[in-house]
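Summary of structural features
One-letter residues, chain by chain:
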Amino acid sequence: MQASSQDITVVALLADPDTPTEIAKRLAGTLPDRLTRKSGRERQFDVKVVSEPFTSGTEDPPTLMRRIMDRGSAEDWDIVVALTDLPLHSHAGKLAVDLDREHGLALVSLPSLGGLRLYTRTRRAVEEAVLDLADPQTTEAEEPPRSRPPAGPFAARLSPIRPDRPGEDEMGDLRYAVSGPRGHLRVLFGMVRANRPWRLVPGLSKAMAAALATGAIATVNATAWGLAVSLSTPRLVIATVGSVALMIGWLIVDANLWHRPSGSSPAARQQARLYNASTVVTVGLGVLVCYVGLLVINLLWALFILNDQMFVSATRKPLDAAQYLTLSWFVASVATVGGALGSGLESDEAIRAAAYSKREQERRRTLQDDHGDRPTE
């Protein structure tokens, strides 16, 4: 890839669909001016956004870098920065940024940047990558040995990101990865952020319908009134935890969301644990949102429908604000159990679409196809 103009550097943001593409489109509006100011030279940047599933079928960074190079060689681009929301494995942990100065390529894995302030962190990572590739600080003869990659702005600004060593047979000459408990926690929340757990609520329409119906019936049931007023706060908490855990477990088991290691190596097992943890957190957050919504709806329904005299005659307690809240809390737990049963009416594909990003859905479909193609022993 050669420069199209002496004064203009063409930068292509090659983004996976969904979140990476959304971030790339936001970056394209401000990145040229920011790069011009930060470069400190009379150089202009032209930023283009290309949305393609370039990670389709693989999570191997070297393979992805070769794909990026092949894609860029067919275009008049000076620099290609690829964005993906798949977590990628590196020698030292999870890959954050992979640079190939010779070919002007960069690969950025968004989960390694964390789940908070994702746009800001991505913008910084992309800016540093482009500036590094546009004007490398060292020549090929001056580059430090691969065994000791230098600490750079990525490590300084995006801590806990640390330099990592590319393999001898890999294209990149500079790489950064996250490692350690803090780094893995950051990747976990980045994966959850990519899955967008709030999408689980509208994605479980049948389950929510069953939960709302269960809650509406329980709210006007005298037996439910008696149980609610007799339960202590610790028991209500236990009912909440139990119903939410039941819903989470049912969704994961029924839709086959649990990830099994693709091999027996420690890296494969660690990868499976990370994917399963992100699944539990994603589904858990979505179920908690559903639970809070049920509590609010049941409270409004109770305020509208309940009769003071009937409630007192059935429970021997006045229908005050505390009783409204206690009843709604208890009914929300009962309704969540009803929603768990109703989730069985949802298709597995609908639940996966609600729980996972597009890249993660594609990755799991590929794994299923690979397992399905294996001969049975």
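In the nomenclature of an unreviewed UniProt entry, the chain corresponds to 5,10-methylene-tetrahydrofolate dehydrogenase from the organism Streptomyces thermospinosisporus.

1. Digging into the packing of helix 8 (residues 222-230) against helix 11 (residues 308-315)
Direction vectors running N to C along helix 8 and helix 11 enclose 65 degrees, while the axes themselves pass 9 Å from each other. Taken together, the axis directions place helix 8 and helix 11 in an arrangement best described as roughly perpendicular. The element helix 8 and its partner helix 11 pack so that their crossing is right-handed. Within the contact between the two elements, helix 8 uses Ala 222, Trp 225, Gly 226 and Val 229 and helix 11 uses Met 310, Phe 311, Ala 314 and Thr 315.

2. Quick notes on the UniProt feature "transmembrane region" (unreviewed entry) in the chain
The UniProt entry lists residues 207-228, 234-253 and 274-301 under the feature "transmembrane region" (unreviewed entry), expressed in the numbering used here. Taken end to end, residues 207-228 has its terminal C-alpha atoms 23 Å apart, with 91% of it in helix and 0% in strand.

3. Quick notes on the packing of aromatic side chains
For the structure shown, the criterion picks out two aromatic pairs. Above the face of the Tyr 119 ring, Arg 26 is positioned so that its terminal group lies 3.8 Å from the ring centre.

4. What to know about the confidence of the model for the chain
Averaged over all residues, the pLDDT of the chain is 81; the fraction at 70 or higher stands at 80%. Mean pLDDT values for the elements of the chain range from 54 in helix 4 (residues 153-157) up to 94 in strand 3 (residues 79-84). Counted against residues more than four places away or in other chains, residues 371-377, with its pLDDT under 50, gives one contact.

5. Examining the pairing of strand 5 (residues 93-100)
Strand 5 sits mainly inside the fold: eight of its eight residues count as buried. As paired elements, strand 5 and strand 8 (residues 174-178) share five bridges and run antiparallel to each other. Bridge pairing in strand 8 links Val 97 to Tyr 176. Relative to strand 6 (residues 105-109), strand 5 runs antiparallel, the two being bridged by four bridges. Directly across from Asp 100, in strand 6, lies its bridge partner Leu 105. Taking the residues that link successive antiparallel strands as the turn, the strand 5-strand 6 hairpin has four residues, and the phi of Gly 104 there is positive, at about 70 degrees.

6. Comments concerning the environment of Gly 339
Locating Gly 339 in the fold gives a position in helix 12 (residues 321-342). Gly 339 sits 96 residues away from Ser 243 along the chain, and the two C-alpha atoms are 9.7 Å apart. Residues in contact with Gly 339, not counting those within four places in the same chain, are Ala 207, Ala 210, Ala 211 and Met 247.

7. Some words on the packing of helix 7 (residues 205-219) against helix 10 (residues 266-305)
Describing two packed helices takes the angle between their axes plus the distance from one axis to the other. For the pair helix 7 and helix 10, interaxial distance at closest approach is 10 Å and the crossing angle is 35 degrees. Of the two elements, helix 7 crosses helix 10, and the hand of that crossing is right-handed. On helix 10, the residues that touch Met 208, Ala 211, Leu 212, Gly 215, Ala 216 and Thr 219 of helix 7 are Cys 290, Leu 294, Ile 297, Asn 298, Trp 301, Ala 302 and Ile 305. The class makeup of the residues in the contact of helix 7 with helix 10 is ten nonpolar, three polar and no charged.

8. Some details on the nonpolar core
Leu 13, Ile 68, Val 81, Leu 83, Leu 107, Val 126 and Val 130 are the most contacted members of the largest nonpolar core, which totals 54 residues. With eight residues, helix 3 (residues 118-134) is the single largest residue contributor to this core. Ignoring any residue separated from it by four or fewer positions in sequence, one finds Leu 13 in contact with Ala 24, Leu 27, Leu 31, Val 47, Lys 48, Val 49, Val 50, Val 81 and Val 126. Of all hydrophobic cores here, the second largest spans 22 residues; its members include Leu 204, Val 244, Leu 251 and Cys 290.

Scoring rules and cut-offs
- Sequence order as written defines residue numbering, which begins from 1 separately in each chain.
- Selection of residues for local features in this predicted model requires a pLDDT of at least 70, selection of side-chain atom pairs for listing and counting requires 80 or more, and totals for whole chains, interfaces and linings are taken over all residues.
- Excluding hydrogens and water, the side-chain figures rest on all heavy atoms present in the structure.
- Every angle, taken between N-to-C directions, lies between 0 and 180 degrees, and every axis is a line fitted to C-alpha atoms, over only the stretch in contact when it is a helix.
- What counts as a helix is a DSSP run of H or I of at least four residues, what counts as a strand is a run of E of at least two, and both are numbered from the N terminus.
- Our angle categories are set so that under 35 degrees counts as roughly parallel, over 145 as roughly antiparallel, 65 to 115 as roughly perpendicular, and the remainder as oblique.
- Here a crossing is taken to be left-handed if its near helix is turned anticlockwise relative to the far helix by less than a right angle, and right-handed if that turn runs clockwise.
- Residue contacts are counted whenever heavy atoms from the two residues lie within 4.5 Å of one another.
- UniProt positions are given in the numbering used here, feature names are shortened, and annotations may be inferred rather than shown by experiment.
- Pairing of aromatic side chains requires ring centres within 6.5 Å, counting the rings of Phe and Tyr and the six-membered ring of Trp. Pairs whose planes differ by under 30 degrees are stacked, by over 60 edge-to-face, and all others tilted.
- Over a ring means this: the NZ of a Lys or the CZ of an Arg is within 6 Å of the ring centre and within 35 degrees of the ring normal.
- You can read pLDDT as the predictor saying how much it trusts each residue, on a scale of 0 to 100.
- Each residue is placed in one exposure class: buried if its accessible area under a 1.4 Å probe, protein chains only, is under 20% of its type's maximum, exposed if it is over 50%, and partly exposed if it falls in between.
- When DSSP finds two or more bridges between a pair of strands, those strands are recorded as paired.
- Any residue that is not Ala, Val, Leu, Ile, Met, Phe, Trp, Tyr, Cys, Pro, Asp, Glu, Lys or Arg is counted as polar, Gly included; the first ten are nonpolar and the last four charged.
- By nonpolar core we mean a set of buried residues, namely Ala, Val, Leu, Ile, Met, Phe, Trp, Tyr and Cys, connected to one another through side-chain atoms within 4.5 Å.

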